[in-house]
Amino acid sequence: MDAVRVALLREVLAGTEWLGSTRRFAGALRASAVAHGGGLLLVGTREYEPWHLAAHLVDEAAWSGTPELAPTLVRHDARASDPAHLAVGLGRLAAARRGETLLVVSPAEPGAPLLERVHDARRAGATVLALGTGEGELTTMAHERLVVPQGAELDLDTVQHLVSAAAGENAVPSGRGRRRLRDRLSRLAQSLTAPPPPRW
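Residues numbered from 1 in each chain as written. Predicted model: local features only at pLDDT ≥ 70, side-chain atom pairs only at ≥ 80, totals over all residues. Heavy atoms only, no water.

Novice: Explanation requested: helix H5 (residues 112–123) in the structure shown.
Specialist: Quick reminder: α-helices carry 3.6 residues per turn. Residues three or four places apart thus point the same way. For H5, which comprises 12 residues, the first-to-last C-alpha distance of 16 Å matches the rise-based estimate of 16 Å (1.5 Å per residue) to within 8%. Among all positions of H5, only Leu 114, Leu 115, Val 118 and Ala 121 are buried. The buried residues of H5 occupy an angular sector of 120° when projected down its axis, which confines them to one face. Among the exposed residues of H5, those pointing more than 90 degrees away from its buried face are Pro 113, Glu 116 and Arg 123. In this structure, the buried residues of H5 make contact with strand E1 (40–43), helix H4 (91–94), strand E3 (101–106), strand E4 (127–132) and helix H6 (137–141). With its phi angle positive at about 110°, Gly 125 sits one or two positions after the end of H5. (Helix = DSSP H or I, 4+ residues; strand = E, 2+ residues; numbered from the N terminus. Expected span 1.5 Å × (residues − 1). Buried < 20%, exposed > 50% of the residue type's maximum accessible area, 1.4 Å probe, protein only. Arc of directions from axis to C-beta. Contact = heavy atoms within 4.5 Å.)

In structure tokens form, the structure reads like this:
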């Protein structure tokens, strides 16, 4: 979903709770990643891998000048032969420490092995954020959560687009009047003319 579609979606959602909720969650994500600077880890479940969100956050990190938003995608079935950005396995969660942010995206309650690793990362001092259905143990251990209930007007993929776009926007320093508009237009022009990011 490109910036134009996100803008159209926001117009449709004006007056609903979704805009405020996704911006609040994106703000918490950005604030944690930038303030601590320890790195952003992104993990899904064995059945649902959030590689699409990872790619969008990489884009937003580049376009907003906030490298802290570029996540490390942690995969359940990573192999050493995979490209470097796809070769990080669950063992990385065991090394999570204070200053790191762990974003867990889950359309259903994660299995016990992942929950144990998330719990250990939290005990080690990592900030845990959860994006998913809001059921089960994951939401109770998360510092911040964004719930996308089953049967909601928006699905989890659409909410991820809103969150990633808002995370990049929130990273842009606020300005005043014409300067702010000029900066935004300049960033838009740069993003439209920039070479595409590496393929996922």
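Picking up after the structure, the text goes on.
Novice: How should the nonpolar core be read in this particular structure?
Specialist: One recurring pattern in soluble globular proteins: nonpolar side chains tend to sit buried together. Leu 29, Leu 103, Val 105, Leu 131 and Val 159 are the most contacted members of the largest nonpolar core, which totals 33 residues. For this core, the element with the most residues is helix H7 (residues 156–170), which contributes 7 residues. Excluding its chain neighbours within four sequence positions, the residues that come into contact with Val 105 are Leu 42, Val 43, Gly 44, Thr 45, Tyr 48, Pro 50, Leu 53, Leu 131, Leu 156 and Gln 160. Residues Leu 41, Leu 93, Leu 115 and Ala 126 belong to the second largest nonpolar core, which totals 18 residues. (Core = buried A, V, L, I, M, F, W, Y, C linked by side-chain atoms within 4.5 Å.)

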